[in-house]
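Chain and residue survey
Okay, here's what each chain looks like letter by letter:
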Amino acid sequence: MADFDDFPMSDPEPEEPPVVVTPAPVIPIVDIPTAEPPPSPSQHGDDQSTFRDSPSEEETETGQSEVDSERPPSTRRKTRRKKKRLVNGVDMTPPAELLRKAEKKAKKYRSDKKVDECIAELVRCTALSRVVYGDGDWRLAEAHTNLAAGYLELRGLAPQAQQHAEMSRSILLGGVHTSHSSDTKARILEVLVNMHLILGRALTSQKKFREAEHSLNRASKVCEERLKVPGLNSLEQTDLETRVAIAQGKLYLADKNPSKAARFMEKAEDLIKENHGEDSVQLIPVYQDLGRVSFCLKSCV
């Protein structure tokens, strides 16, 4: 076996000279005092920026963001109300509230002489009254009477007015309507008067004079019965009597009976003067009808 000495040895590699590393000079760090920036408005008092970044408890409950909180109060209320009413895209507003809004819109459209919009709201009032009060309630009859008045006075549609007035009559005369207050009793009797009044006027427009006479006589009798209700508003009662008297005068004028027409027109004239004065504009159409009555009386002689 050969010894390690028998193998030729290579020359040892020359050693590299050591690298001398010169340390970098140390630069002293000196703190330079700087002026503190003036506090922003959001830093006064409590840390309001943190409060604004995170939603408050009220915003978390209502789902309103910071942008919504900066909107005008009216817009913010409408947005919240809409979110509360909608459930899975369905409007959950109570029918009673929808009825109240529809009645308010109908009055506004009538005063603005927007006929189609007013009729649409009156139809909506009738449907909602059936949902809220039921089929036999006097307030449903009131809705039908108002719709009949709208058809007759705004569109001149006497057959439609007659139809809804007769539906109102069926509700009022077919059910038992109890009231625990004088105000409610007065309203029920007022609806009954208006129903007979609108029905009589619609029948007069269709030249059904005997049926119209019967309906208007019923309206006059209910007016007299309404006078017995305690605490009655005398001005409203007198206006109701005036409307009935004018309708009766127009009926007899159309039926070529000027003597009866004159009697009821003069009654309406006296009622208006008593409650609104001799210079009231309500006297103008009455004077016009009295002029027609006078002409018919002269022509009949």
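Residues numbered from 1 in each chain as written. Predicted model: local features only at pLDDT ≥ 70, side-chain atom pairs only at ≥ 80, totals over all residues. Heavy atoms only, no water.

1. Notes on the overall build of the chain
Our working rule: Helix and strand definitions here come from DSSP, where helices need a minimum of 4 consecutive H or I residues and strands a minimum of 2 consecutive E residues; each element is numbered from the N-terminal end. Partly exposed describes any residue whose relative accessible area lies between the buried limit of under 20% and the exposed limit of over 50%, with all areas from a 1.4 Å probe on protein chains only and scaled to the type maximum. Contacts between residues were defined by any pair of non-hydrogen atoms, one from each residue, lying within 4.5 Å. A 1.4 Å probe and the Shrake-Rupley method give the accessible areas. Residues count as covered only by the protein chains that appear here.
The secondary structure content of the chain amounts to 13 helices and 2 strands. Here the chain holds 301 residues, and the buried ones make up 31% of them. Of the contacts made within the chain by residues no fewer than 6 positions apart, 56% connect residues no fewer than 24 positions apart. Of the roughly 21,000 Å² that the chain leaves accessible, carbon and sulfur atoms contribute 54%.

2. Structural notes on the packing of helix 12 (residues 258–276) against helix 13 (residues 283–300)
To be explicit about the condition: To get an axis, a line is fitted to the C-alpha atoms, and for a helix only the part in contact is used. The angle between two axes follows their N-to-C directions and goes from 0 to 180 degrees. Just so you know how the angles are binned, under 35 degrees is roughly parallel, over 145 roughly antiparallel, 65 to 115 roughly perpendicular, and the rest oblique. The hand of a helix crossing depends on one turn: near helix anticlockwise from the far one by less than a right angle means left-handed, and clockwise means right-handed. Any residue that is not Ala, Val, Leu, Ile, Met, Phe, Trp, Tyr, Cys, Pro, Asp, Glu, Lys or Arg is counted as polar, Gly included; the first ten are nonpolar and the last four charged.
Direction vectors running N to C along helix 12 and helix 13 enclose 155°, while the axes themselves pass 9 Å from each other. Looking at the two axes, helix 12 sits roughly antiparallel to helix 13. Handedness of the crossing formed by helix 12 with helix 13: left-handed. From helix 12, Pro258, Ser259, Ala261, Ala262, Met265, Glu266, Glu269, Ile272 and Lys273 reach across to helix 13, where they touch Leu283, Val286, Tyr287, Asp289, Leu290, Val293, Cys296, Leu297 and Cys300. Partitioned by chemical class, the residues of the contact of helix 12 with helix 13 number 13 nonpolar, 1 polar and 4 charged.

3. So, the environment of Leu122
Position of Leu122 among the secondary structure elements: in helix 6 (residues 115–133). Separated by 29 residues in the primary sequence, Leu122 and Tyr151 place their C-alpha atoms 9.7 Å from one another. Aside from chain neighbours lying at most four places away, what touches Leu122 is Ala106, Asn146, Leu147 and Gly150.

4. Thoughts on the environment of Gly150
Residue placement: Gly150 occurs in helix 7 (residues 138–154). For Gly150, a relative accessible area of 0% gives the class buried. Not counting residues up to four positions away in its chain, the partners in contact with Gly150 are Arg110, Ile119, Leu122 and Arg155.

5. Concerning the nonpolar core
Formally: Residues enter a nonpolar core if they are buried and are Ala, Val, Leu, Ile, Met, Phe, Trp, Tyr or Cys, with the set joined through side-chain atoms within 4.5 Å.
Counting residues in hydrophobic clusters, the biggest one holds 46 residues, and the most contacted among them are Leu122, Ala161, Leu172, Val193, Val244 and Leu251. Residue assignment for this core shows that the elements contributing at least two residues are helix 6, helix 7, helix 8 (158–174), helix 9 (182–205), helix 10 (209–226), helix 11 (234–254) and helix 12. In terms of residue count, helix 9 provides more of this core than any other element does, 12 residues in total. Within the second largest apolar cluster, 5 residues are counted, among which are Met265, Ile272, Leu283 and Val286.

6. A word on the packing of aromatic side chains
Our working definition: Two aromatic rings from Phe, Tyr or Trp, using only the six-membered ring of Trp, form a pair when their centres are within 6.5 Å; if the ring planes differ by under 30 degrees the pair is stacked, by over 60 it is edge-to-face, and anything between is tilted.
Summed over the entire model, instances satisfying the criterion amount to 1 aromatic pair. A centroid spacing of 5.7 Å and a plane angle of 10° characterise the contact between Tyr252 and Phe264, whose relative ring orientation is stacked. Of the two residues, Tyr252 is situated in helix 11 and Phe264 in helix 12; the sequence distance between them amounts to 12 residues. The pair Tyr252 / Phe264 is uniform in exposure class, with both members buried.

7. Points about the packing of helix 7 against helix 9
When two helices pack together, their arrangement is given by the angle between their axes and by how far apart the axes lie. The interhelical angle for the contact between helix 7 and helix 9, taken along N-to-C directions, is 35°, at an axis separation of 9 Å. Crossing of helix 7 against helix 9: the hand is left-handed. Residue-level contacts link Trp138, Ala141, Glu142, Thr145, Ala148, Ala149, Leu152 and Glu153 of helix 7 to Thr184, Arg187, Ile188, Val191, Asn194, Met195, Ile198, Arg201, Ala202 and Ser205 of helix 9.

8. Some thoughts on a nonpolar patch on the surface
Keep this limit in mind: Here, patches come from residues exposed beyond 30% relative accessible area and free of salt bridges, joined within 9 Å for like charges and within 5 Å for nonpolar side chains (Val, Leu, Ile, Met, Phe, Trp, Tyr). Here, a salt bridge means any Lys or Arg side-chain nitrogen found within 4 Å of an Asp or Glu carboxyl oxygen.
A surface patch of nonpolar side chains, about 240 Å² in accessible area, is lined by Val131, Val132 and Tyr133. Within the secondary structure layout, Val131 lies in helix 6. By relative accessible area, which is 57% here, Val131 ends up exposed.

9. Points about the pattern of salt bridges
Taken as a whole, this structure holds 15 salt bridges when the rule is applied. One salt bridge connects Asp255 with Arg210, and the closest N-O pair in it is separated by 3.0 Å. With a gap of 45 residues between them, Asp255 in the loop between helix 11 and helix 12 and Arg210 in helix 10 connect regions that are remote in the sequence. The exposure class of Asp255 is partly exposed, given its relative accessible area of 23%. Several salt bridges converge on common partners, so that one network encompasses Arg110, Glu153 and Arg201.

10. Quick look at the layout of surface pockets
Gaps between atoms show up when a probe of the same size as a water molecule is rolled over them. Test applied: Lining residues are defined by having an atom within 4 Å of a point belonging to a cavity or pocket. Those points lie on a 1 Å grid over the protein atoms alone, cavities being sets where a 1.4 Å probe fits but cannot get out and pockets being open sets with protein on both sides within 12 Å along at least five of seven lines. Grid points are joined across faces, edges and corners, and a volume is the space filled by probe spheres set on the points.
Approximately 930 Å³ is the volume attributed to the largest pocket. Lining the largest pocket we find 28 residues, and of these Lys107, Leu122, Glu142, Asn146 and Asn194 sit closest to its centre. Those elements that provide at least two residues to the lining of the largest pocket are helix 5 (95–111), helix 6, helix 7, helix 9 and helix 11. The element best represented in the lining of the largest pocket is helix 7, accounting for 7 residues. Taken as a whole, the second largest pocket spans an internal volume of roughly 310 Å³. Together, 13 residues line the second largest pocket, and Leu152, Arg201, Ile246, Ala247 and Lys250 are the ones closest to its centre. Among the elements of the structure, helix 7, helix 9 and helix 11 are those that each provide at least two residues to the lining of the second largest pocket. Top element by residues in the lining of the second largest pocket is helix 11. It accounts for 6 residues.

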